[in-house]
Amino acid sequence: MKYLWILITFLLVTVFAINVLAQSDPDADYEKEGMAHLMRLLNLKPTDLTFREDYAEIDSLRLAVISDLTVNPYRMVEFTEQMAGNCWDQNPEKVINAAFDNLRRTIQDKRDRAIQQDGGGQSDNFTTFYNSMNFNRLLSMIHDALYYYLPASVDSTMALLSQDEQKFLVREFKEIIFEDTTDESRTAEVIDSIQKAEEGYIERFKQFAFKIRKDFLLDAGRETSEMVYREIKQLLADIESKEFNVKQVLSDTITRPQRTGLAKYLGLRKGWAIGGPGNDRYRGDYHFIIDFGGNDFYQLEYDPENPHSTIIVDLSGDDVYVSETDFTIGSGCFSVGLLYDMAGNDTYNGKNFTCGSGYFGFGLLYDESGTDRYNGDTFTQGAATCGIGMIYDRGGNDVYSAAVNAQGFALMEGFGLIVDQAGNDNYIVGGKYKAIIHYDDHYLSIGQGYGGGLMQFVSGGIGGIVDLDGNDNYYSDMVAQGCGWWYALGFIYDYKGNDQYLSYQYAQGSAEHMGLGIIIDEYGEDFYRGKGLMQGVGHDYSCGILLDRHGDDIYQADGLSQGAGSANGFGILIDSYGNDIYYVRDTVNTQGYGNPRRDFGSIGLFLDLSGTDIYDGNGLDNSYWTTDSKWGGGFDWEFIVEPDSGKIETEN
Amino acid sequence: MISRKIVFVTFIILIIFGQVVFAVDDAVTPLEKKIDSIFVIASSAELKYRDMVEPAKDSIAAMGAEAVPRLVELFRSNTAREKRAVEQILKKIGHEAMPYLRKSLLLDDYRQVSRISYTIGEMKDSSAVADLINTAFHKNWQVRSSCAGALGKIGDKAADETIILLLADSVETVRQAAAVAAGRLLIDTAIEKLVHMLGDDFYGPRMCAANALIKIGHKSIKPIIDSLDSENSMVGDLGCITLGNIGGNLAALGVGSQMKSENPARRVLAVKAVLQSNSSLACGLVELLKETETDPVVLFYIDKTLEKYASR
């Protein structure tokens with residue numbers, strides 16, 4: 001009998017626990033209920049929001065998560081929330097793991113893991129130079145990672161590729177990522193021949209891409225980044241507690257016998273630098289730098305033909321990092337590139353493939369605090385192809401500026417991400433390479449949460465921005481701000497602050513050609529402005545979602561926007577709380593519009609679930625409407641009965 | 001007119017001086033190379049060439065049947081813009097292109113066969129009906145879907161049986177194309193299947209079946225009314241709206257029973273059907289509903305409906 005009571009109690013506790021765990025976000029429930037309600041009135045149902053995976057041939061690089069979201073595109077909301085949930089810690093470990101987990105191919109049953117080796121024997125070949133045991137232990141671990149663990153993982157990743165194929169990736173293939181300002185003056189035939197050449201590169205890539213086993217490298221990258229982070233934190237704690245006296249450690253060295261090569265000493269080999277608390281200058285192709293303080297100047301180089309992993313740690317000071325070549329400043333190319341800047345107002349002047357970029361590699365730029373400036377051209381600031389590229393910025397009012405293919409940008413098998421935890425930030429991308437196909441006077445952005453594939457050839461990756469606090473400004477021109485293209489996902493999650501999203505076209509929760517794009521903005525009085533194909537638009541079997549939960553927001557657009565489906569796509573705009581203002585210039589294809597195409601239609605849904613709202617367009621406060629389209633409509637009703645407390649939930 | 005001449009002359013100069021390169025690599029014969037060189041402009045999307053696109057298409061179309069084999073090859077392009085350009089040129093060539101296009105329906109590459117079927121449909125050329133019927137059960141769903149679409153656009157009743165069979169296809173995109181075709185061909189014998197399709201799991205076939213029933217018109221009313229209480233709620237929901245769109249007294253009265261539904265969404269759709277039907281006969285039922293109705297969205301539609309018919 002006693003055991004029976006224990007069993008019953010146990011069952012009750014279990015059931016209670018399951019119920020508690022199963023309770024989902026009430027806001028999300030309202031949104032789902034509202035969607036179902038509106039859809040029923042339109043003779044639709046939530047399960048209609050699905051796409052086939054095989055509108056185009058399923059290629060070997062398609063990510064499992066993209067397949068899943070293609071079939072269930074509304075799950076983008078959940079996916080984005082989960083990704084953001086991994087971004088609240090000081091330690092980037094969680095989000096790096098999440099990025100890795102989401103890079104599983106559809107055809108892949110299990111993930112490859114980097115082989116943990118006992119690298120102790122490697123460092124034993126060295127003579128210690130510094131007398132501090134703790135410091136030598138750190139150097140020894142770094143050494144083993146750089147020259148043993150990481151190269152082995154790169155070898156495993158590329159083992160099935162020929163030398164020619166590897167060279168092709170470093171030389172020709174990366175050209176497909178670049179734009180060229182001279183395209184503006186090129187003739188159609190020249191551009192066509194360039195395009196055909198690039199298609200040739202892509203065809204060639206497709207033939208051997210399945211042989212690239214990126215997991216080895218990425219797994220080793222995340223393990224190493226975790227190890228380095230842990231060691232830095234310990235080092236800082238030791239410095240703080242005076243257990244580690246920098247000046248003393250750096251000056252307490254052995255007397256080196258004459259005619260002994262530096263390479264024999266741990267910490268002194270070529271490509272290594274250890275800087276003291278003063279202002280230092282570094283120039284060259286480094287493998288490892290640890291700098292203990294001062295305002296330092298880094299001029300960094302990297303030769304992708306001779307790849308190697310890089311670890312740079314700067315403990316304090318207002319530092320300037322300059323790319324002398326591509327593939328620098330926390331970037332990996334057939335390698336792992338880690339940069340940790342633990343304090344100060346820093347400037348990162350990158351070129352291409354810089355500032356947290358992974359091109360067939362793993363790149364992490366971690367900035368602990370300070371008002372920082374990130375500058376770059378192409379494939380920069382959280383950009384990835386067949387790899388992970390990430391900026392993890394924990395605070396300060398930062399400015400991110402780039403030309404194109406940047407700021408949470410990913411192509412095939414890539415996860416590109418910016419995590420910015422605090423501060424009023426400015427994200428600017430565009431202004432250099434003209435969008436010659438569409439306009440004479442607008443520029444490509446292709447960033448700020450962009451995931452893209454190589455259309456008709458290879459599925460794409462996942463690009464995102466997670467910004468947790470501050471009044472942020474997102475400026476772009478064409479193709480940006482939670483935008484996905486060709487079996488890929490682009491997202492922005494902005495938790496708190498009064499934010500501005502400005503763009504011209506293909507932006508703000510927009511997806512094109514079998515793509516997936518989403519913005520979730522939780523709190524703040526936000527402003528969205530653009531011309532068209534934005535604010536919850538899906539074009540050509542794509543789904544774009546704009547979900548703004550709290551705050552009195554303003555939405556402005558010209559046409560094909562605000563919950564518009566085009567060419568059999570789905571476009572959804574949901575605003576849950578607040579007194580909002582909606583303006584559209586063209587009422588024909590906005591605010592709940594579905595465009596007829598391929599003999600049937602698209603789906604456009606517009607939902608405002610509470611508040612007193614003002615419309616200039618199809619919508620009306622406290623009303624339900626359909627548009628003359630196939631198929632679309634809107635719904636502004638006091639659907640959420642509880643008033644918005646306006647209280648921001650803090651997770652930390 | 002002058003500007004058109006300038007554009008054309010510029011275009012010819014580009015060709016003469018060899019500034020135009022090939023669109024694809026495997027052009028072998030001089031004719032293929034010539035077509036490719038012009039096709040670069042014909043398929044260009046750049047703003048600065050927009051005035052040259054149509055002359056370039058005309059130029060290839062003027063070659064007539066000779067150009068068709070190369071155009072069919074160009075259907076293998078990976079660029080949607082290029083494939084669209086091929087379609088437009090073939091349409092310009094017209095009937096002359098048909099013998100080769102019909103033969104090409106037997107090609108191995110399903111992408112080509114699918115595009116050819118689609119293009120034949122756009123050309124509305126009845127000489128290909130038998131070939132399309134033969135291709136309509138192709139193993140690839142894209143081809144089946146294109147064939148159904150083409151048969152509907154051509155409008156030849158010989159395709160009725162094929163379309164009815166395709167209404168039951170396992171792939172929703174094919175069912176949807178077949179439903180569109182059934183509407184275009186006004187296939188009375190498909191009404192029962194189309195009513196059943198109002199409850200299809202995918203919105204494409206469902207909505208297209210509704211449109212087909214609206215096109216078929218009054219013959220559809222009774223079968224729809226008979227199915228309004230189907231266990232599959234989508235059949236009744238969409239049935240109401242379909243009846244409203246068909247319109248008339250019979251349809252308006254037919255949805256009357258649905259105003260007693262326990263589900264407010266169904267009541268909304270029933271009232272909306274009366275609103276759309278252009279028949280004031282069911283207004284009494286709407287007024288009656290107003291006395292007991294509490295749901296705000298239903299009331300919203302009741303008021304709209306009564307307002308519309310107030311003057312009648």
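Here goes a summary of the coordinates provided. (Residues numbered from 1 in each chain as written. Chains lettered and ligands numbered in written order. Predicted model: local features only at pLDDT ≥ 70, side-chain atom pairs only at ≥ 80, totals over all residues. Heavy atoms only, no water.)

## Some points on the overall build of chain B
When you go through chain B residue by residue, the secondary structure sums to 19 helices and zero strands. Here the C-alpha radius of gyration of chain B, 26 Å, is well above what a compact globule of 312 residues would show, namely 20 Å. Based on the C-alpha atoms only, the size of chain B along its principal axes is roughly 80 × 45 × 25 Å. A total of 312 residues make up chain B; the buried ones form 57% of that total. Once local pairs closer than 6 in sequence are excluded, the contacts in chain B between residues at least 24 apart make up 64%. Accessible surface computed for chain B: about 13700 Å², of which carbon and sulfur atoms make up 54%. (Helix = DSSP H or I, 4+ residues; strand = E, 2+ residues; numbered from the N terminus. Rg over C-alpha atoms; globule rule 2.2 N^0.38 Å. Buried < 20%, exposed > 50% of the residue type's maximum accessible area, 1.4 Å probe, protein only. Contact = heavy atoms within 4.5 Å. Areas by Shrake-Rupley, 256 points an atom, 1.4 Å probe, with all protein chains shown as cover.)

## Focus on the overall build of chain A
Helix and strand content of chain A: eleven helices and 47 strands. Its C-alpha atoms give chain A a radius of gyration of 26 Å, near enough to 26 Å, the size a compact globule of 652 residues would have. C-alpha extents for chain A along the principal axes are approximately 85 × 85 × 50 Å. Here chain A holds 652 residues, and 63% of them are scored as buried.

## A word on the packing of aromatic side chains
Residues and elements named next belong to chain A. As enumerated under the stated definition, the model contains 66 aromatic pairs over all chains in all. Considering the side-chain rings of Tyr-147 and Trp-272, the 6.4 Å spacing of their centres and the 20 degrees angle between planes classify their relative orientation as stacked. Of this pair, Tyr-147 sits in helix H7 (residues 133-158) while Trp-272 sits in strand E3 (residues 272-275), and the two are 125 residues apart along the sequence. In this structure Trp-272 comes out as buried when scored by relative accessible area, which is 8%. Seen from the ring of Tyr-487, Arg-62 lies directly overhead, with NZ or CZ sitting 3.5 Å from the centre. We note Arg-269 situated over the ring of Tyr-147; from NZ or CZ to the ring centre the distance is 3.8 Å. (Phe/Tyr/Trp six-rings, centres within 6.5 Å; stacked < 30°, edge-to-face > 60°. Lys NZ or Arg CZ within 6 Å of the ring centre and 35° of its normal.)

## Some remarks on helix H4 (residues 76-85) of chain A
Residues of H4 of chain A that are buried include every one of Met-76, Val-77, Phe-79, Thr-80, Met-83 and Ala-84 of chain A, and no others. All buried residues of H4 of chain A fall inside an arc of 165 degrees around its axis, so they share one side. (Arc of directions from axis to C-beta.)

## What to know about unusual backbone geometry
In this model, Lys-630 of chain A is joined to Trp-631 of chain A through a cis peptide bond whose omega is -10 degrees. In this fold, Trp-631 of chain A is placed in the loop between strand E46 (623-626) and strand E47 (632-636). Even without being a glycine, Met-514 of chain A presents a positive backbone phi close to 60 degrees. Along the chain, the position of Met-514 of chain A falls in the loop between strand E32 (510-512) and strand E33 (516-521). Its identity as a non-glycine residue notwithstanding, Lys-124 of chain B has a phi of 50 degrees, on the positive side. Assignment of secondary structure puts Lys-124 of chain B in the loop between helix H7 (110-123) and helix H8 (129-135). For Lys-124 of chain B, a relative accessible area of 53% translates into the label exposed.

## A word on the packing of helix H3 (residues 50-61) of chain B against helix H5 (residues 80-93) of chain B
Residue and element names in this part refer to chain B. Contact geometry for H3 and H5: axes closest at 9 Å, N-to-C directions at 55 degrees. It follows that H3 is oblique to H5 by the angle criterion. Between H3 and H5 lies a crossing whose hand is right-handed. Together, Glu-54, Lys-57, Asp-58, Ile-60 and Ala-61 of H3 and Ala-85, Gln-88, Ile-89, Lys-92 and Ile-93 of H5 make up the contact between the two elements. (Axes fitted to C-alpha atoms, helices over the stretch in contact; angles between N-to-C directions. Parallel < 35°, antiparallel > 145°, perpendicular 65-115°, else oblique. Left-handed = near helix turned anticlockwise from the far one by under 90°.)

## Looking at the state of the cysteines
Taken as a whole, this structure holds zero disulfides over all chains when the rule is applied. Cysteine Cys-208 of chain B remains unbridged, with the sulfur of Cys-147 of chain B as its closest cysteine sulfur at 17 Å. (Disulfide = S-S within 2.5 Å.)

## Details of helix H19 (residues 296-309) of chain B
All names here are of chain B. If you check H19, its first and last C-alpha atoms are 20 Å apart, about what 14 residues at 1.5 Å a residue would give, namely 20 Å. Every buried residue of H19 is listed here: Val-297, Val-298, Tyr-301, Ile-302, Thr-305, Leu-306 and Tyr-309. All buried residues of H19 project into a common sector of 165 degrees when viewed along the axis, lining one side. (Expected span 1.5 Å × (residues − 1).)

## A word on the interface of chain B and chain A
Taken together, the contact pairs 53 residues of chain B with 47 residues of chain A. Counting each side, the surface lost to burial between chain B and chain A is near 4000 Å², with a carbon and sulfur contribution of 52%. It is Asn-78, Tyr-203 and Met-207 of chain B in chain B that bury the most area against chain A; as a group they hold 17% of the surface buried on that side. Applying the counting criterion to the chain B and chain A interface returns six salt bridges. The salt bridge partner of Glu-82 of chain B is Lys-196 of chain A, with a shortest N-O separation of 2.9 Å. Here chain B and chain A share 13 residue pairs in polar contact (both at pLDDT 80 or more) between them. (Buried area = accessible area lost by both parts, 1.4 Å probe. Salt bridge = Lys/Arg side-chain N within 4 Å of Asp/Glu carboxyl O. Polar contact = N/O pair within 3.5 Å; in protein donor to acceptor, adjacent residues only side chain to side chain.)

## Digging into the side chain of Glu-172 of chain B
Looking at the secondary structure, you find Glu-172 of chain B in helix H11 (residues 172-185). The class for Glu-172 of chain B is buried, based on a relative accessible area of 13%. A polar side-chain atom of Glu-172 of chain B sits 3.2 Å from a polar atom in the side chain of Arg-52 of chain A. For Glu-172 of chain B, the contacting residues outside a window of four places in its chain are Arg-52 of chain A together with Phe-202 and Pro-205 of chain B.

## So, the sheet that holds strand E12 (residues 357-359) of chain A
Backbone hydrogen bonds are what pair the strands of a sheet, in a parallel or an antiparallel way. Residue and element names in this part refer to chain A. Taken in spatial order, the ten strands make up an open sheet running E9-E12-E16-E20-E24-E28-E32-E36-E40-E43, and their pairing is parallel. Each edge of the sheet is formed by a strand with only one pairing partner; in this case those strands are strand E9 (331-333) and strand E43 (593-594). Both strand E40 (residues 564-566) and E43 contribute to a ladder of two bridges, which runs parallel. What sits directly across from Ala-564, in E43, is Tyr-593. (Pairing = 2+ DSSP bridges.)

Fair warning: the whole summary comes from geometry, so function is off the table for now.
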